Amino acid sequence: MNPTPWWQGDQASYQALKAKYTKEAIEHLATYFHLNPEIIIYTEAATPRTFARYTARDRGVVGGIGQRIPTFGPFGFANRTPIKNLWLVGDSTHPGEGTAGVSYSALTVVRQISEN
Ligand SMILES: Cc1cc2nc3c(=O)[nH]c(=O)nc-3n(C[C@H](O)[C@H](O)[C@H](O)COP(=O)(O)OP(=O)(O)OC[C@H]3O[C@@H](n4cnc5c(N)ncnc54)[C@H](O)[C@@H]3O)c2cc1C
């Protein structure tokens, strides 16, 4: 997802965009579930600006760099770097993506370090 629209405009346009996406999300969910204003007691929405504020992620992007064939898995950033004793783990590194992926990337590095 392109996060740029969430960073443009003033506070009023941001709130309007957030309200629009929230409404559309609920309408979409209502095609699967019985939802109406009597049933929905509380809603809360998070946007890329929310993720940036609470998780310090660049522009609120979730999941590291966009995944496509040239950036995915073995074609993505390796854990080993050309700099001695500098390793990369987490989002965007192999295998990356999600808590399981980032944990596995850390485990891979620990194994490589402990075998040296
Ligand atoms: C809303 C949301 C929902 C998600 N849902 C899921 C899910 O359901 N399942 C799933 O598997 N994954 C999910 N993810 C993705 C998952 O959270 C990430 O893949 C994972 O947390 C990435 O781990 P990481 O250690 O690479 O980065 P992070 O967890 O982002 O950790 C990076 C850390 O570095 C810190 N930091 C940043 N800059 C600096 C700096 N300059 N100096 C010092 N510290 C710094 C940050 O504060 C942060 O603590 C979700 C993410 C978000 C935001």
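The model shown is predicted, which means the values in this text are computed figures rather than measured ones. (Residues numbered from 1 in each chain as written. Predicted model: local features only at pLDDT ≥ 70, side-chain atom pairs only at ≥ 80, totals over all residues.)

**Q** Hey, could you go over the overall build of the protein for me, with residue numbers and the actual values?
**A** Secondary structure summary: the protein contains three helices and zero strands in total. Shown N-terminal to C-terminal, the secondary structure of the protein runs as helices and strands in the order α-α-α. Against the globule reference of 13 Å for 116 residues, the protein gives a C-alpha radius of gyration of 19 Å, more extended than a compact globule. Projected onto its principal axes, the C-alpha coordinates of the protein cover approximately 60 × 35 × 25 Å. Expressed as a percentage of its 116 residues, the buried residues of the protein come to 9%. In the protein, of all internal contacts separated by at least 6 residues, the share reaching a separation of at least 24 is 30%. (Helix = DSSP H or I, 4+ residues; strand = E, 2+ residues; numbered from the N terminus. Rg over C-alpha atoms; globule rule 2.2 N^0.38 Å. Buried ≥ 20, exposed ≤ 12 C-beta atoms within 10 Å, placed from the backbone. Contact = placed C-beta atoms within 7 Å.)

**Q** Describe in detail helix α3 (residues 98-115), supporting the description with residues and values.
**A** Because each turn of an α-helix spans 3.6 residues, side chains separated by three or four positions end up pointing in the same direction. In a regular helix each residue adds 1.5 Å, so 18 residues correspond to 26 Å; α3 covers 26 Å between its end C-alpha atoms and thus fits that length. The buried fraction of α3 is low, at one of 18 residues. (Expected span 1.5 Å × (residues − 1).)

**Q** With reference to specific residues and values, describe the site of the ligand.
**A** In the region of the ligand, the neighbouring residues are F51, T55, A56, R57, V62, G63, G90, D91, G98, T99, A100 and V102. At the level of secondary structure, the elements contributing two or more residues to the shell around the ligand comprise α2 (48-55) and α3. Considering every element that reaches the shell around the ligand, the biggest residue donor is α3, with four residues. For the shell around the ligand, the residue count by class is five nonpolar, five polar and two charged. (Near = placed C-beta within 6 Å. Nonpolar A, V, L, I, M, F, W, Y, C, P; charged D, E, K, R; others polar.)

**Q** Help me get a handle on unusual backbone geometry, residues and values and all.
**A** Backbone torsion omega between H94 and P95 reads -5°, so that peptide bond is classified as cis. Tracing the chain through its elements places P95 in the loop between α2 and α3. One non-glycine residue with positive phi stands out, namely A56, at about 60°. Mapped onto the fold, A56 is located in the loop between α2 and α3. Positive phi values are uncommon outside glycine, yet S92 reaches one of about 80°. Mapped onto the elements of the fold, S92 is located in the loop between α2 and α3.

**Q** Quick rundown of the environment of I113? Include the residues and the values.
**A** Locating I113 in the fold gives a position in helix α3. Along the sequence, I113 and W87 sit 26 residues apart, while their C-alpha atoms lie 9.4 Å from each other.

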